[in-house]
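Inside the fold
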Amino acid sequence: MASADKIVEMNKRNIPFSPPDISELEIAEVAEALRSGWITTGPRTKELERRLAEYCHTSKVVCLNSATAAEELNFRICGIGEGDEVIVPAYTYTATASAAIHCGAKVIFVDSQKDNCEMDYDKVAEAITEKTKAVVAVDLGGIICDYDKLYAVVENKKALFRAKEGDSLGARIQQTKGRVLVFADCAHALGASRHGKMAGEIADFTDFSFHAVKNFTTAEGGASTWRDIEGIDNDEIYHQYQLYSLHGQSKDALAKTQIGAWEYDVIGPWYKCNMTDIMAAIGLRQLDRYPGMLERRKEIVAKYDAMCDGLGINHLVHSGENFNSSHHLYLTRIPGISDETRREIIIKLAERGVNTNVHYKPLPMMTAYKEMGWDIKDFPNAYAYYENLITLPLHTKLSDEDVEYVVENFREVVEKYI
Ligand SMILES: *Cc1c(COP(=O)(O)O)cnc(C)c1O
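Model, not experiment: these values are computed from the prediction.

A few words now on the UniProt feature "active site" (unreviewed entry) in the protein. Here, UniProt's "active site" (unreviewed entry) annotation points to Lys214. Along the chain, lysine 214 turns up in the loop between strand 8 (205–209) and strand 9 (222–226). Here lysine 214 is in contact with Ala187, His188, Ser209 and His328, once residues within four sequence places are set aside.

Let us look at the sheet that holds strand 12 (residues 323–324). An order of 7-6-12-11 is seen for the four strands of this open sheet, with the pairing classed as antiparallel. Strand pairing shows two members of the sheet lacking a second neighbour, strand 7 (197–198) and strand 11 (319–320), which therefore form its edges. Taken together, the two bridges between strand 6 (residues 193–194) and strand 12 define a ladder with antiparallel strand orientation. If you follow serine 193 over to strand 12, its bridge partner there is asparagine 324.

Surveying the vicinity of the ligand reveals 14 residues, the closest of which are Thr68, Asp185, His188, Ser209 and Lys214. Aspartate 185 places a side-chain nitrogen or oxygen 2.8 Å from a nitrogen atom of the ligand. Between the ligand and histidine 188, the relevant distance is 2.6 Å, taken from an oxygen atom to a side-chain nitrogen or oxygen of the residue. Taken by itself the ligand offers 380 Å² of open surface, and the protein chains cover 92% of this.

Here the UniProt feature "modified residue: N6-(pyridoxal phosphate)lysine" (unreviewed entry) sits at Lys214. Residue lysine 214 is classed as buried on the basis of its relative accessible area, which comes to 18%.

Quick look at the domain arrangement of the protein now. Per the domain assignment, the segments making up the protein are domain 1 (24–282) and domain 2 (290–417). Relative placement of domain 1 and domain 2: their C-alpha centres are 27 Å apart. Here domain 1 packs against domain 2, burying approximately 2900 Å² in sum over the two surfaces, 62% of which is carbon and sulfur. On the domain 1 side of the contact with domain 2, Tyr91, Phe109 and Asn215 bury the most area, a combined 25% of that side's loss. Applying the counting criterion to the domain 1 and domain 2 interface returns one salt bridge. Among the salt bridges present, the one from aspartate 115 reaches arginine 333, with a minimum N-O distance of 3.3 Å. In this assembly, domain 1 and domain 2 are joined by 20 residue pairs in polar contact (both at pLDDT 80 or more). Contributing elements (two or more residues each) for the side of domain 1 that touches domain 2: helix 5 (94–102), strand 3 (106–110) and strand 6. A class-by-class count of the residues in the side of domain 1 that touches domain 2 yields 18 nonpolar, 13 polar and five charged.

Once that is clear, we can look at helix 14 (residues 400–414). Residues spaced three or four apart along an α-helix point in a common direction, a consequence of the helix completing one turn every 3.6 residues. The terminal C-alpha atoms of helix 14, which comprises 15 residues, lie 21 Å apart, in line with the 21 Å expected from a rise of 1.5 Å per residue. Taken residue by residue, helix 14 has Asp402, Val403, Tyr405, Val406, Val407, Asn409, Phe410, Val413 and Val414 as its buried positions. Considering only its buried residues, helix 14 is in contact with helix 10 (277–311), strand 13 (330–333), helix 11 (339–351) and strand 14 (389–392).

Its location among the elements puts threonine 58 in the loop between helix 3 (43–56) and strand 1 (61–64). Once residues lying within four places of it in the same chain are set aside, the contact partners of threonine 58 are Ala53, Gly200, Glu201, Thr225 and Trp226.

Conventions we followed
Residues numbered from 1 in each chain as written. Predicted model: local features only at pLDDT ≥ 70, side-chain atom pairs only at ≥ 80, totals over all residues. Heavy atoms only, no water. UniProt positions renumbered as here; feature names shortened; annotations may be inferred. Helix = DSSP H or I, 4+ residues; strand = E, 2+ residues; numbered from the N terminus. Contact = heavy atoms within 4.5 Å. Pairing = 2+ DSSP bridges. Near = heavy atom within 4 Å. Polar contact = N/O pair within 3.5 Å; in protein donor to acceptor, adjacent residues only side chain to side chain. Areas by Shrake-Rupley, 256 points an atom, 1.4 Å probe, with all protein chains shown as cover. Buried < 20%, exposed > 50% of the residue type's maximum accessible area, 1.4 Å probe, protein only. Domains from an automatic or database assignment. Buried area = accessible area lost by both parts, 1.4 Å probe. Salt bridge = Lys/Arg side-chain N within 4 Å of Asp/Glu carboxyl O. Nonpolar A, V, L, I, M, F, W, Y, C, P; charged D, E, K, R; others polar. Expected span 1.5 Å × (residues − 1).

See the structure below:
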């Protein structure tokens, strides 16, 4: 073995990609919830909803069991389904698209901007038809998209919009907005802000993920929130989410504990995707720690930025004059390398204990979407963005020494390819 390899071997660390950061505080709160006798949706879930709404500057939050469920219920609340079209970036995780498909809507993929993971807003405008009901923007890596542009696009296309008829909640939302609805997939973006507005108060409807790999976790979990809609009571919207997430049952388990209140009705054969108080217990204590966790992520990103800027490697920019992301993912793109070389680099990093990832392989490359007729050839910018991309480990379990280790090893491995 060459001496340089020996040194690598001696100092080898194992850097996981994205382990959950759970402290004794979350563990104690979960134990309390378990001892309390109330383990399903109850006081802790309601408290987490109240605190998340305060954090996102919105009137109400609904906690659910995933972001996928949250996005699906957002569509259902807005009356989106069969016969409708929903515009989704080709460059995202499958849940962004599948939630619309679960509702019976048709997904229309749009390519990214050149050298940018954000949707091409001119292409969004071209994709809008009389059937379009929503556009979903994905705040990838926790960086909030250019919603000013997106709102301008849907305003410009107002003449094409055909609101659902009738007086159901979804129809009234569509009629009041009078334009294509703007949805945010904020699975990565809790705590991010842009022009002084928090993720959650920017899009018409937003979903968050609290899955184990995200910044803020309840093991599995998610939430919905929305901007106030003139003439529509937030309590009505909130109640409809409760119905959708709990079998269409007119009373939840907590309400049924009132004296003599055994009777309930079922008003729709709906879904089951509520959050439990055990999950909410994790979330309550995560939320106490979250501002500090975000600060730590920002420190790590500053170190990665210095490394990438020194090497001439492209990376996501997580903060600037008018925005601050949630620093969720650190995407790097090595100029000029092929997919094959990228795969080789990932293996070399893994051999040194640095576990990386790729966010994302564009959806038109996945079997399910290929079978629907989508072809990656029609999304050249998304493919080019993916081809040379490597996501570095970024999380709050990384010590300063771990970060140094990632920086040194990434530099050593990558240097000869640039
Ligand atoms: C994780 C993720 C989701 C899905 O979140 P779940 O809580 O697992 O349903 C959706 N969109 C994006 C962009 C994600 O990264």
